[in-house]
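Okay, here's what each chain looks like letter by letter:
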Amino acid sequence: MARESVLIVGSGAGGSVAAWALARAGHPVLVLEKGRNLFPGLGTDAGAQTLLWGDEVAHERFFAYQDPLLEPRTFRTRGEARDQLAHSFVGSVNNLPSTVGGGTVHWDAKTPRMWAQDFHGHSLHGPIDGANLADWPLGYDDLAPFYDEVEELLGVQGDISRVPAATLAQAPRSHDYTLPPNPPMLASTLLAQGAAQRGFTAYPFPMAIDPRICNSCGFCTGFGCAIGARGGAITFLHEAIRAGAELRTRCFVDRVECSDDGRRAVGVSYLEADGTRRREGADVVVLAASAVETARLLLLSEIGNSSGQVGRNLMFHYLLSVAALFEAPVHPWRGPTMTHVIDDLIGPVPGAQAGAPDLPYVKGGVVEVGGGLRLLEEAKAYARAGLKGKALKDALRDVALREHVSVLTMIGEDLPQADNRVDLDPAMRDFLGVSVPRISYSPHRFEQAAAAHFNERLKEIVEATDGAWPASPPSAGEPRPDAASEGQGPFATAHILGTARMGDDPRSSVTDAFGRLHDVPNVIVADGSVFATSGGANPTLTIMALALRAARSLST
Amino acid sequence: MTPSELRTLRALTARLLPGPPEDPDPGALEAGAAEAIALLVGAFAERQPPIHASVGGGFVPLDRVAELGWRIRIEGSRGLAEREFAGPVTGLAETLSAGLALLDGRSREACGAAFADATTGDQDGVLDGADAELARFVRVVLMLTLEAVYGPPQYGGNRNLAGWTPLRWPGFTQPRGFTAAEVSEPDPSGESPPRGDGAPSEALDELRARLPDDAGWQSGSPGSQSEAPGRRPDST
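What counts and how
Residues numbered from 1 in each chain as written. Chains lettered and ligands numbered in written order. Predicted model: local features only at pLDDT ≥ 70, side-chain atom pairs only at ≥ 80, totals over all residues. Heavy atoms only, no water. Pairing = 2+ DSSP bridges. Helix = DSSP H or I, 4+ residues; strand = E, 2+ residues; numbered from the N terminus. Axes fitted to C-alpha atoms, helices over the stretch in contact; angles between N-to-C directions. Salt bridge = Lys/Arg side-chain N within 4 Å of Asp/Glu carboxyl O. Buried < 20%, exposed > 50% of the residue type's maximum accessible area, 1.4 Å probe, protein only. Polar contact = N/O pair within 3.5 Å; in protein donor to acceptor, adjacent residues only side chain to side chain. Contact = heavy atoms within 4.5 Å. Phe/Tyr/Trp six-rings, centres within 6.5 Å; stacked < 30°, edge-to-face > 60°. Lys NZ or Arg CZ within 6 Å of the ring centre and 35° of its normal.

> Would you take a moment to explain the sheet that holds strand β3 (residues 73-76) of chain A for this structure?
Sheet strands pair by backbone hydrogen bonding; their relative direction is either parallel or antiparallel. All names here are of chain A. On the basis of which strands lie adjacent, the open sheet formed by 4 strands has the order β4-β3-β18-β17 and mixed pairing. What marks the edges here is a single partner per strand, and that holds for β4 (89-91) and β17 (421-429). For this sheet, the mean inter-axis angle between neighbouring strands, taken without regard to orientation, is 35 degrees. In the sheet, β3 pairs with strand β18 (residues 435-440) via 3 bridges, with the strands oriented parallel. Bridge pairing in β18 places phenylalanine 75 opposite isoleucine 439.

This is the structure in C-alpha cells:
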C-alpha cells in the first residue's frame, strides 16, 4: 500500500527530523521552507557545504534571518493590550534564523534533556495563580527512546560519570553519550570551581558537537559552524533528501487547506517570492515553522482552534545572566560558547524560601557556565554605554571585557499565561501582503521573583570563584523587545514555545500527545508550539524528540 | 556618496575612533571605515552587492527577497507600493546624506567652517553639543564605524587588520582554531592581550560604574535589534 504523502512546513529542528523519519519510512515528503538554502550540496554525494562562518557583521545584517523590514513582527505588553493599543513595536521579536535548517544553523548545540518533573509540574507542584499550568499528556519515559535516538544521530558529547545523581534520577539515561567532551574552556572551569565551593556541580554540558572536528574557534552560538562540527537539522535534512524527500525554498505558506467539513487537511497554499500563488496537496500536513509562525499559520487558516488556545500560552525562557569579571585574562571566547552546565538550580524552591511568600514555589533552570563577548560586541557595548573616541579605544585596550568577562546564564522557566499570546496584527502586513504575527507578552511575577532569587545564587558562585567578582545589571522595568535586553529576560532568547499546547482534553489544548490537532487530526504540529510548559532547559533536543515521536506515530 | 560627503564622513569617523598621533593605534581613517560605509551605501552599484561576505572573498548573491529588503534599507521605500506595505522607510543613503549636511550646518554655526575643515577641538565641540537629532545620526555612524573597524576585513574596512592587530584579536581562525591547551589553560604570560598594565581591575571598576543596564554582557544574542544600518518601519 502506498504510504501517505506528507507536506512539511519548515525545515528546522522539528521539520527536518520529521522529514528524515518519514522519508526513510517510504512516505513521499515535500518540505516547504520560507528561507534560503545556505548549504550548497545539501542532499548530494558531495555533502553539505556552508556559506556561514565566523562573521560578526553578517549577524547584524540578518543573514540567515528574516529581514524585519520585509517580515516584521509586532509587539505590545499585556497592559498595552488591555488598553487596546494595536502594538507598540515593529521589528524582530525573538526571531529565530529563517533559513534551511532553522534555529539549528545558529545554535551552540546544547542538548540538555527535560526532567521528568517538567512533564507533570501542575500535578506535582500545584497551580500558580494567573498561570495556565497544565501537565503534559506524556511523560519522560514516553520520550526517552526518542531522546536516545536523536542523540545518537546528532552525535552528542558528554560524560555520564560526571552527571549529577539528581539529574540522572530526573532524566535517566540508558547509555553514555556517544562522544567525549570538548576541551574544557578556562573560564568555564574556573566558574565550575566556584560552583563547587558553593556545593553545586558544574559538569560537561551535553552538546551535539563532534570533538574530533571542533577546534574551539569560538564562533559558536549565533554563528554557523564553518567546519561541520555541529549536528543539527542539516544532519537530518541531508539524509531525508537522500531518502527521496524534496526541499523547496522561498515558499511562504499562508494557509492550510481543508476539506469542506473542515475535518481533514488536503494540502497547503503558499506564495513564492514574486507573489505567485501555488498549491500543493498532501495526505498529511506537518507544521514545524516554530511557535510564532505555526500559530500565525493556524490562525490564518482558521483551523485547530475550537479550544481557543491557539497562539496562547506563548513562552520564552526568562534568561538571567550574572557576569564574572576576572582579574586575569581568561579568553572566554575560545570554545563552543561554554563547556559546563549546572542543574542544581532548576527547583522548585518554596516561595517563602525564595523571598516570595506570595508564591507557592519558584523555579529556575539549567545554568550555562561560561561564554563572553567578542571584540565587536565589546566595542558596541561601550558605545551603548556612551563611550566614543579615544576613551572607547582605551577601554578596548585596558578594560578588555572580551578577555576578562565570562557569564553564568540561567535558562529560567517561563510560565504559560493565557494572555501571553501570538495573534494576527490587525493592520501590519508583510511584503507579500499577509498579516504579521503580533506578540502580546508580560512576565508573571513568578519569573521575576525567580530571577531575583537565583540572581543571588549566581552571584555567590562568582564570589566563590578565584580571581573573579560579580556584576549583574539591575533589572530595569518591564521587559520589551526594543529595550536593549541582551543576555537578560524573555527577549534575549530564541526559545519560542507553547502556542499550540498538547493535552488530552480538546477543550483546553490544541494537539494530542503526538502533536495531532484535535480538530484536524491529519495536521501534526512538530515544533516548540506543543510544549505545555517551558521547562528550564534548552528546548531543541526535546523538539526533535517530540517530532520523531510524532512522525513514528504516522509511519507505524 | 559624493566626494564632499565622503570627506565629511572621514572626518566624522576619525573623531569617533581616532588614530595616531592622538591615539597610539590605527583608527577609523587607517582602517578605511568611511570607505567601507560608502561601499555599503553604494551596494547596488556593485555587480555583487557587498552585503553578506563570503569567507573566501566576494559576496553571497542576494536573492530576490533579500535584495528587496536591502534596497528598502539602503535606498528607502521611495513611495513605491512594493516597499511601503508596512509604512514608509527612510533609507540609509538618505540618513547619511541628511546627517552629514546637518553636521556641516552645525559646524558652520559653531565655528564658521565645514566639519571636515574644522579643528579637531572644534569638531569635538560640535559632537559634544549635539542635539537629539544630530546625536541619533552620530550613533548610527558610530555603530557602522565599529563594524567597519572591528568587523571582518571582507567588508572593506579593518584594512591591514588595523582594528584587530593592536588588540591581538584573531577574528575567524579557521582552519586552525585553538589547541586544547589554548582553550583550557591561561595564556603564557606576556602573550595575553591586551597590552596595558595588566591590572584591569581599576579600569573594570570604573567601567562597571559607567555601564548602564543595557551594556550587554552576553554573547551572540540572535537577531538583536541593531541600530544600524537602516531603520525599521515606524510604529503605528
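> Teacher, can you tell me more about the pattern of salt bridges here?
Two side chains that carry opposite charge are able to pair once their charged atoms sit near each other. Scanning the entire structure with this criterion turns up 52 salt bridges over all chains. For A:Glu377, the salt bridge identified is with A:Arg374, shortest N-O distance 3.6 Å. Here A:Glu377 matches A:Arg374 in class, with each residue buried. A salt bridge links B:Asp128 to A:Lys388; the shortest N-O distance between them is 3.6 Å. You can see B:Asp128 sitting in helix α6 (residues 120-128) and its partner A:Lys388 sitting in the loop between α11 (375-384) and α12 (389-399), one on each of two chains. B:Asp128 sits in the exposed class, given a relative accessible area of 60%. Its relative accessible area of 30% is what places A:Lys388 among the partly exposed residues. Connected via shared salt-bridge partners are A:Lys390, A:Lys393, A:Asp394, A:Arg397, B:Asp23 and B:Asp25.

> Could you clarify how one ought to interpret the side chain of A:Ser307 in this entry?
All names here are of chain A. Position of serine 307 relative to the elements: it lies in the loop between α10 (291-301) and β11 (318-326). Here serine 307 falls in the buried class, since its relative accessible area comes to 14%. At a separation of 3.1 Å, a polar atom in the side chain of serine 307 contacts the main-chain amide nitrogen of glutamine 309. Residues in contact with serine 307, not counting those within four places in the same chain, are Pro506, Arg507, Ser508, Ser509 and Val510.

> Hey, could you run me through the packing of aromatic side chains in this one?
Evaluation of the coordinates by the stated rule reveals 16 aromatic pairs over all chains. Ring plane angle 75 degrees and centroid distance 5.6 Å describe the contact between A:Tyr441 and A:Phe491, whose orientation is recorded as edge-to-face. With a gap of 50 residues between them, A:Tyr441 in the loop between β18 and α14 (445-463) and A:Phe491 in the loop between β19 (468-471) and β20 (523-525) connect regions that are remote in the sequence. Owing to a relative accessible area of 0%, A:Tyr441 belongs among the buried residues under this scheme. Summarising the aromatic geometry, the rings of B:Phe59 and B:Tyr155 are spaced 6.1 Å apart at their centres and angled 55 degrees between planes, so their arrangement reads as tilted. Here the residue B:Phe59 occupies a position in the loop between α3 (33-41) and α4 (64-75), and B:Tyr155 occupies one in the loop between α7 (132-150) and α8 (180-184), the gap between them amounting to 96 residues. A network of ring pairs unites the aromatic residues A:Trp53, A:Phe219, A:Phe223 and B:Phe172 as a single cluster. Against the face of A:Phe514 rests A:Arg549, its NZ or CZ located 4.1 Å from the ring centre. Sitting above the plane of the B:Phe44 ring, B:Arg71 keeps its charged end 4.1 Å from the centroid.

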